[in-house]
Amino acid sequence: GAVVSQHPSWVICKSGTSVKIECRSLDFQATTMFWYRQFPKQSLMLMATSNEGSKATYEQGVEKDKFLINHASLTLSTLTVTSAHPEDSSFYICSARRSYEQYFGPGTRLTVT
Amino acid sequence: LAKTTQPISMDSYEGQEVNITCSHNNIATNDYITWYQQFPSQGPRFIIQGYKTKVTNEVASLFIPADRKSSTLSLPRVSLSDTAVYYCLVVGATDSWGKFQFGAGTQVVVTP
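As a starting point, this report considers the structure included with it. Note that this is a predicted model, so its numbers are computed, not measured.

1. Quick look at the overall build of chain A
Consideration 1: Helix and strand content of chain A: zero helices and 11 strands.
Consideration 2: Of the regular secondary structure in chain A, the N- to C-terminal order runs β-β-β-β-β-β-β-β-β-β-β.
Consideration 3: The globule rule puts the C-alpha radius of gyration for 113 residues at 13 Å, and the 13 Å found for chain A is close to it.
Consideration 4: Taking the principal axes of its C-alpha atoms as reference, chain A extends roughly 40 × 25 × 20 Å.
Consideration 5: When burial is assessed residue by residue, chain A has 50% of its 113 residues classed as buried.
Consideration 6: Partitioning the contacts of chain A with sequence separation of at least 6, the portion at a separation of at least 24 is 54%.
Consideration 7: Of the roughly 5,600 Å² that chain A leaves accessible, carbon and sulfur atoms contribute 52%.
Consideration 8: Positive and negative charge centroids in chain A, built from 11 and 9 side chains respectively, lie 3 Å apart.

And the structure:
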C-alpha cells in the first residue's frame, strides 16, 4: 500500500519559536504533497500545495511567510511554522499524491504555549 | 471544485446498514466521487471512489445515479469501530487533481 508518515506526531513549543513538521511518502514518490490544518470539531482546511522542486502554492488567507513549505525531494515535504503563537495550535495533516489518488499522513498535533 | 452537501450526523446500532447521501449538484464531467473516513486525531483514510453506477469493495459500496448529482455511501453491518467522520469529496481529473476541499463531513455514531 501507499504509506505517508509525519514527524513528529505531536509537539509542544513556546510562543515565538519555530517548529518543523516532516511529511514523507515511504513507498512511493510524490511530486505533489498537500498540507492541511484541522481545528477541533472542524473539517480539514487546505493550506497549501507543495510541488517538488518548485515553490508551494498557498490557499487564500494562509500566510506564506509564516508557514514555510519545502519539497526538496520526491519523498519529503516539510512545513515550518515560524514564530508560532497559541492560535497556531492545531492538528496539521499532510497528504501525498500518487497518480489520481491521495494518501494522508497520521497528522501532527501542535500546541503552542 | 464541486461543493458537496451531506448530513451533519447519523446514529446507528451495531449490525445495521448505514447509508450516507451526499449531494454534488455541480459535479463536472471528469470529476470522480471519493469518500474518506477519519477517526479523532488521525489522518483521513480512503474508503471508496467511483464515477458512475455502483462500486463495491471490502468495506463499503458506493451508489451513483445516472445524473451523478448525488452519491450514497453504504456501510454494511456497522460495528462500534465504524464510529467516525465520513467525508464526501468530488475530485477533478484536471491540473488541480488532488486538491481536495473538505466539507463538514458526517459524524456517524454507532452504539451497541
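2. Looking at the environment of L73 of chain B
Residues and elements named next belong to chain B.
Consideration 1: Position of L73 relative to the elements: it lies in strand 7 (residues 70-75).
Consideration 2: Placed 59 residues apart in sequence, L73 and E14 show a C-alpha to C-alpha distance of 17 Å.
Consideration 3: Sequence-distant contacts of L73, that is, excluding residues within four places in its chain, are made with V18, N19, I20, W35, I47, I48, A60, S61, L62 and Y86.

3. Observations regarding the pattern of salt bridges
Consideration 1: For the coordinates displayed, the defined rule picks out two salt bridges over all chains.
Consideration 2: Residue E22 of chain A pairs with R24 of chain A through a salt bridge whose shortest N-O separation is 3.5 Å.

4. Some words on the pairing of strand 5 (residues 44-51) of chain A
Residue and element names in this part refer to chain A.
Consideration 1: With six of eight residues buried, strand 5 is to be regarded as a mostly interior element.
Consideration 2: Bridging between strand 4 (residues 32-38) and strand 5 involves seven bridges; their strand directions are antiparallel. Its bridge partner lying in strand 5, Y36 is registered against L46.
Consideration 3: Two successive antiparallel strands, strand 4 and strand 5, enclose a turn made up of five residues, where K41 displays a positive phi of approximately 65 degrees.
Consideration 4: The antiparallel hairpin formed by strand 5 and strand 6 (residues 57-58) contains five residues in its connecting segment, where G53 sits at a positive phi of about 80 degrees.

5. Focus on the pairing of strand 2 (residues 10-13) of chain A
Residue and element names in this part refer to chain A.
Consideration 1: Covered by surrounding structure in strand 2 are V11 and C13 only, the residues W10 and I12 on the alternate face being uncovered.
Consideration 2: Looking at chain direction, strand 2 and strand 11 (residues 108-112) are connected through four bridges and run parallel. Bridged to I12 within strand 11 is T111.

6. Structural notes on the sheet that holds strand 5 (residues 53-56) of chain B
Residues and elements named next belong to chain B.
Consideration 1: Read across the sheet, four strands follow the order 2-7-6-5 without closing on themselves; strand pairing throughout is antiparallel. At either margin of the open sheet sits one strand with a lone partner, and together these are strand 2 (18-23) and strand 5. Within the sheet, the average angular offset between the axes of one strand and its neighbour, ignoring direction, is 15 degrees.

7. Digging into the environment of Q6 of chain B
Residues and elements named next belong to chain B.
Consideration 1: Locating Q6 in the fold gives a position in the segment before strand 1 (9-13).
Consideration 2: On a C-alpha basis, the gap between Q6 and N57 in space is 22 Å, while along the polypeptide they are 51 residues apart.
Consideration 3: The residues touching Q6, leaving out its near neighbours within four places in the chain, are I20, T21, C22, W35, Y86, Y87, C88, G105 and T106.
Consideration 4: Engagement of the side chain of Q6 in a polar contact is seen with the backbone oxygen of Y86, the distance being 2.8 Å.
Consideration 5: Separated by 2.8 Å, the side chains of Q6 and T106 make a polar contact.

Definitions and cut-offs
- Residues numbered from 1 in each chain as written.
- Chains lettered and ligands numbered in written order.
- Predicted model: local features only at pLDDT ≥ 70, side-chain atom pairs only at ≥ 80, totals over all residues.
- Heavy atoms only, no water.
- Helix = DSSP H or I, 4+ residues; strand = E, 2+ residues; numbered from the N terminus.
- Rg over C-alpha atoms; globule rule 2.2 N^0.38 Å.
- Buried < 20%, exposed > 50% of the residue type's maximum accessible area, 1.4 Å probe, protein only.
- Contact = heavy atoms within 4.5 Å.
- Areas by Shrake-Rupley, 256 points an atom, 1.4 Å probe, with all protein chains shown as cover.
- Lys, Arg positive; Asp, Glu negative; His and termini not counted.
- Charge placed at Lys NZ, Arg CZ, Asp CG, Glu CD.
- Salt bridge = Lys/Arg side-chain N within 4 Å of Asp/Glu carboxyl O.
- Pairing = 2+ DSSP bridges.
- Axes fitted to C-alpha atoms, helices over the stretch in contact; angles between N-to-C directions.
- Polar contact = N/O pair within 3.5 Å; in protein donor to acceptor, adjacent residues only side chain to side chain.

Remember that the coordinates give geometry; whether it matters functionally is a separate question.
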